[in-house]
Amino acid sequence: MHPMLNIAIRAARKAGNHIAKNYEMPSNIKVTQKGTNDFVTNVDHESEQLIIEIIRKSYPDHTIITEESGELIGKDDDIQWVIDPLDGTTNFTKRLPHFSVSIAVRVKGRTEVAVVYDPMRNELFSAVRGQGAQLNGYRIRIDEKRDLDGAIVATGFPFKQKQHAAVYMNIMTAMFDKCADFRRTGSAALDLCYVASGRVDAFFEIGLKPWDFLGGELIMREAGGIMTDFIGGHNYIASGNLVAGSPRVVRDILSVMKNELSESLKR
């Protein structure tokens, strides 16, 4: 096993176990608001610290980028661990059992290792660049759908950027004419893993942060999928606007989006 994958799995499991334990004890959970429709709990912070401690023990010089603590610069900035300690915090606070721990390791700007862990189902998705994607140790592949017809598309509403609501709804309406149905689960990291494992056929969302999707991206790519921004380019890390799935389904989604996008979503 890749040594950094081993550490990422250990960290994700430790954080996931802490999250699951607190899920069973809601009186322990303290929720604060950090932005518009954006919440954080003490469990997010505690899980993040558990992950950081495990990484630091093995790789004290690596840089760590986290959702809650920001960027912790190490001596070796070529290697960055990008962490979302609890992707799906709102689900967690509402006791909806669908959330994950996401860890991506980037070397010189390229994701090499990824782990996404769902502690409630004990499902561990993982990938190493060039070695395929796995779920609990078994190889996974995307469902090679030929087009959008009959596809199940996962998404997330732009609840932090409601200025895009009208355009988003127009995209949904246009896409609903062609696909079978939508799913909105509340964890982008798991949505991408569900694309990777064929549980859904595609995923798109507006305004995600790198820690939301970098782990899921590598897993999805290693399972045979692709990811683009809304105009088919590679600016999704900067914009956070992304479409993921099999090449043909992504092509169809981009075609549907083309006539609905505002100028700000074409960047």
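Small disclaimer: the values here were computed from a predicted structure and weren't measured.

Side note on the pairing of strand S8 (residues 123-128)
Step number 1: In terms of burial, S8 is largely enclosed, as six of its six residues are buried.
Step number 2: Of the two faces of S8, the one carrying Glu123, Phe125 and Ala127 and the one carrying Leu124, Ser126 and Val128 are both buried.
Step number 3: Here six bridges tie strand S7 (residues 110-118) to S8, and the two strands are oriented antiparallel to one another. Looking across to S8, one finds that Val116 is bridged to Phe125.
Step number 4: Between S7 and S8, which follow one another and run antiparallel, lie four residues, and Asn122 among them has a positive phi close to 50°.
Step number 5: Where S8 and strand S9 (residues 133-135) come together, three bridges link them in antiparallel fashion. The residue of S9 that forms the bridge with Ala127 is Ala133.
Step number 6: The hairpin formed by S8 and S9 contains four residues between the paired strands, and Gly130 there has a positive phi angle of roughly 80°.

A short note on the environment of Gly207
Step number 1: With respect to the helices, strands and loops of the structure, Gly207 is situated in the loop between strand S13 (202-205) and helix H6 (210-222).
Step number 2: Assessed through its relative accessible area of 21%, Gly207 is described here as partly exposed.
Step number 3: With near-sequence residues (within four places) excluded, Gly207 lies in contact with Gln161, Ser239, Gly240 and Asn241.

Focus on the UniProt feature "binding site: Mg(2+)" (unreviewed entry) in the protein
Step number 1: Using the residue numbers shown here, the UniProt feature "binding site: Mg(2+)" (unreviewed entry) corresponds to Glu67, Asp84, Leu86, Asp87 and Asp212. These annotated residues cover 146 residues of sequence, and their C-alpha atoms lie no more than 9.6 Å from one another, placing them together at a single site.
Step number 2: Setting aside its immediate chain neighbours within four residues, Glu67 contacts Lys34, Glu48, Ile83, Asp84, Pro85 and Trp211.
Step number 3: Mapped onto the secondary structure, Asp212 falls in helix H6.
Step number 4: Among all residues touching Asp212, those that are not within four sequence positions of it are Asp84, Asp87, Ala188 and Ala189.
Step number 5: Engagement of the side chain of Asp212 in a polar contact is seen with the backbone nitrogen of Lys209, the distance being 2.8 Å.

Quick look at the sheet that holds strand S14 (residues 226-228)
Step number 1: The strand order S12-S11-S13-S15-S14 describes an open sheet built from five strands, whose pairing is mixed. Whereas interior strands pair on both sides, the edge strands pair on one side only; in this sheet they are strand S12 (181-183) and S14. Neighbour-to-neighbour, the strand axes of this sheet turn through a mean angle of 20°, independent of strand direction.
Step number 2: The sheet contact formed by S13 and strand S15 (residues 242-245) spans four bridges and is antiparallel. What sits directly across from Phe204, in S15, is Val243.
Step number 3: The strands touched by helix H5 (residues 188-196) within the sheet are strand S11 (152-156), S13, S14 and S15, with S13 carrying the most contacts at an inclination of about 155°.

What about H6?
Step number 1: Look at H6: 18 Å from first C-alpha to last across 13 residues, which is about the 18 Å you get at 1.5 Å a residue.
Step number 2: Of all the 13 residues making up H6, eleven are buried; the element is thus mostly covered by neighbouring parts of the structure.
Step number 3: Residues of H6 that are buried include every one of Trp211, Asp212, Phe213, Leu214, Gly215, Gly216, Glu217, Leu218, Ile219, Met220 and Glu222, and no others.
Step number 4: A positive backbone phi angle near 110° is found at Gly224, which sits one or two residues after H6.

What counts, and at which threshold
- Residues numbered from 1 in each chain as written.
- Predicted model: local features only at pLDDT ≥ 70, side-chain atom pairs only at ≥ 80, totals over all residues.
- Heavy atoms only, no water.
- Buried < 20%, exposed > 50% of the residue type's maximum accessible area, 1.4 Å probe, protein only.
- Helix = DSSP H or I, 4+ residues; strand = E, 2+ residues; numbered from the N terminus.
- Pairing = 2+ DSSP bridges.
- Contact = heavy atoms within 4.5 Å.
- UniProt positions renumbered as here; feature names shortened; annotations may be inferred.
- Polar contact = N/O pair within 3.5 Å; in protein donor to acceptor, adjacent residues only side chain to side chain.
- Axes fitted to C-alpha atoms, helices over the stretch in contact; angles between N-to-C directions.
- Expected span 1.5 Å × (residues − 1).

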